[in-house]
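Residues per chain are reported as follows:
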Amino acid sequence: MQIENENEKQKKEHQNIPWVEKYRPKNLNEIVGNEEIISRLKIIANEGNLPNLILTGSPGTGKTTSILCLARQLLGNSYRKYVLELNASDDRGIDVVRSKIKMFAKSKATLSEGRHKIVILDEADSMTEPAQQALRRTMELYSETTRFALACNFSNKIIEPIQSRCAIMRFGKLNDSEIITRLNYLIEQEKISVTEEGLKALIFTADGDMRQAINNLQSTFVGFRFVDQNNVFKVCDIPHPGVVESITKECSNGNIKEAQKLLVSLWNEGYSATDIINTMFRVSRKLEIDEQILLEFLRIISNTHLRIVNGNGTLIQLSGMIANMCKVGLTKKMD
């Protein structure tokens, strides 16, 4: 009876795990996207002798997952004992380097040839410069026994002495087909009802970020038990791309009244200037309109985005953007 209760408890806990963790790949073969980098990591997993690494790129592209899979394949059953994982955005001061990391690097390890202890620093670009300088020295002192893997969004925030000691691997955003492949696997596993438009909406909201796509899928399913376009956009709370596309098309035809009417309707729904401008940029760059008009639209949207980021996030700024876009559309029409 007690064993059954324990099993039931474990099953319940497993069901409550976020899907990004529940379905996180356990080995390199399961990772989707960035095939060239993953193939290099597979060679390291087979041959050993891991170099110090910097894994850089956009969020949700598999940087941390890749190094965790590599460490698991390199160290096998010794994985938990000889891997130190820290989130550098929390543990980012010099004291952490001097205490946790240095103590781990100094500790003895009985590993086969070509295998090393591994320190994984997530969000390493958040580390202070003194902490990075201390880390550089630690990397030098314990290079025979310990390897370091730094995951970050911006490699230029890592000091050059560390960059020169590491192999840099740049992860690109995942394409739509790669994200769909993984989402279809989750949909099958969780037995989710989803429409084709709902899947496209998940791809749009993710923008190349696998973590975002999976989180949005889970949130929509938990909230509505059915994944379609409207439910996805409700959960993600972004302006409906269909409305934004209509605004852009009205601008390309020089129809300022209709474009302004649609813009005001989005504003009255409570969306901020940042929400609207971000969606407008992502929708506009995929529009099938005259290339010259598209380039002008992107320039106008970018300039407006700059003003919004600087604190001028008002309806007047967005209305001015619409007016400038309509002016471009009218000029092209007259030509």
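Treat the numbers as computed from the prediction; the structure is a model and nothing was measured.

Peer 1: Just checking my understanding: could you explain the overall build of the chain for this structure?
Peer 2: A tally of helices and strands in the chain yields 17 helices and 5 strands. Each principal axis of the C-alpha atoms in the chain carries an extent, and together these give about 75 × 60 × 35 Å. Expressed as a percentage of its 335 residues, the buried residues of the chain come to 44%. Within the chain, contacts between residues at least 6 apart in sequence are counted, and of these 75% link residues at least 24 apart.

Peer 1: I keep staring at the side chain of Glu-190 and nothing clicks. Help me out?
Peer 2: Mapped onto the elements of the fold, Glu-190 is located in helix H9 (residues 176-190). Owing to a relative accessible area of 19%, Glu-190 belongs among the buried residues under this scheme. Sequence-distant contacts of Glu-190, defined by excluding residues within four places in its chain, comprise Trp-19, Lys-22, Tyr-23 and Phe-221.

Peer 1: Would you mind going over the sheet that holds strand S5 (residues 167-171) with me for this structure?
Peer 2: In any sheet, the strands associate via hydrogen bonds between backbone groups, in a parallel or an antiparallel arrangement. Taken in spatial order, the 5 strands line up as S2-S3-S4-S1-S5 in an open sheet, and their pairing is parallel. In this open sheet, the two edge strands, each paired with only one partner strand, are strand S2 (83-87) and S5. When strand polarity is set aside, the average angle formed by the axes of neighbouring strands in this sheet is 15 degrees. Taken together, the 5 bridges between strand S1 (residues 53-57) and S5 define a ladder with parallel strand orientation. Of the residues in S5, the one forming a bridge with Ile-54 is Ile-168. The sheet contacts of helix H3 (residues 35-47) involve S1 and S5, and relative to S5 the element is tilted by about 140 degrees.

Peer 1: Which parts of the structure should I look at to understand the nonpolar core?
Peer 2: Side chains of nonpolar character tend, in soluble globular proteins, to be buried together. Leu-183, Leu-217, Ile-247, Met-321 and Ile-322 are the most contacted members of the largest nonpolar core, which totals 48 residues. If we ignore the near neighbours within four places in the chain, the residues touching Ile-322 are Ile-247, Cys-251, Ile-256, Ala-259, Gln-260, Leu-263 and Met-280. Counting 25 residues, the second largest nonpolar core, distinct from the first, contains Cys-69, Tyr-82, Met-169 and Phe-171.

Peer 1: Even after reading the chapter, I still don't get the environment of Leu-295, so can you show me in this structure?
Peer 2: The topology assignment puts Leu-295 in helix H16 (residues 291-309). Residue classification places Leu-295 among the partly exposed positions, given a relative accessible area of 47%. For the pair Leu-295 and Ala-167, spaced 128 residues apart in sequence, the C-alpha to C-alpha distance is 37 Å.

Peer 1: Just to check I follow, could you spell out the packing of H3 against helix H4 (residues 63-75) for this structure?
Peer 2: Each pair of packed helices can be summarised by the angle the axes make with each other and by the distance between the axes. Interhelical geometry of H3 versus H4 gives an angle of 20 degrees and a closest axis separation of 9 Å. Looking at the two axes, H3 sits roughly parallel to H4. In the crossing of H3 with H4, the sense of the turn from one axis to the other is right-handed. Contact residues: H3 offers Ile-38, Leu-41, Ile-44 and Ala-45, while H4 offers Ser-66, Leu-70, Gln-73 and Leu-74. Tallied by class, the residues present in the contact of H3 with H4 amount to 6 nonpolar, 2 polar and no charged.

Peer 1: What am I meant to see in helix H12 (residues 229-236) here?
Peer 2: Residue pairs spaced three or four apart in an α-helix point in one direction, given the helix's 3.6 residues per turn. Those residues of H12 that fall on the buried side of the exposure criterion are Asn-231, Val-232, Phe-233 and Cys-236. Looking one or two places after H12, you find Asp-237, whose phi comes out positive at around 55 degrees.

Peer 1: Teacher, can you tell me more about the packing of aromatic side chains here?
Peer 2: This model, assessed by the stated rule, comprises 3 aromatic pairs. Ring geometry for Tyr-23 versus Tyr-185: centroids 6.1 Å apart, planes at 90 degrees, classification edge-to-face. With Tyr-23 in the loop between helix H2 (19-22) and H3 and Tyr-185 in helix H9, the pair connects residues that are 162 residues apart, well separated along the chain. Overall, Tyr-23 belongs to the buried group, its relative accessible area being 11%. Classification of Tyr-185 by relative accessible area gives partly exposed; the value is 36%. The aromatic ring of Tyr-79 is capped on one face by Arg-72, whose charged end is 4.9 Å from the ring centroid. Directly above the ring of Phe-221 sits Arg-225, whose terminal nitrogen or CZ lies 4.2 Å from the centroid.

Conventions we followed
Residues numbered from 1 in each chain as written. Predicted model: local features only at pLDDT ≥ 70, side-chain atom pairs only at ≥ 80, totals over all residues. Heavy atoms only, no water. Helix = DSSP H or I, 4+ residues; strand = E, 2+ residues; numbered from the N terminus. Buried < 20%, exposed > 50% of the residue type's maximum accessible area, 1.4 Å probe, protein only. Contact = heavy atoms within 4.5 Å. Pairing = 2+ DSSP bridges. Axes fitted to C-alpha atoms, helices over the stretch in contact; angles between N-to-C directions. Core = buried A, V, L, I, M, F, W, Y, C linked by side-chain atoms within 4.5 Å. Parallel < 35°, antiparallel > 145°, perpendicular 65-115°, else oblique. Left-handed = near helix turned anticlockwise from the far one by under 90°. Nonpolar A, V, L, I, M, F, W, Y, C, P; charged D, E, K, R; others polar. Phe/Tyr/Trp six-rings, centres within 6.5 Å; stacked < 30°, edge-to-face > 60°. Lys NZ or Arg CZ within 6 Å of the ring centre and 35° of its normal.

Spatial relationships are all this shows, so hold off on functional conclusions.
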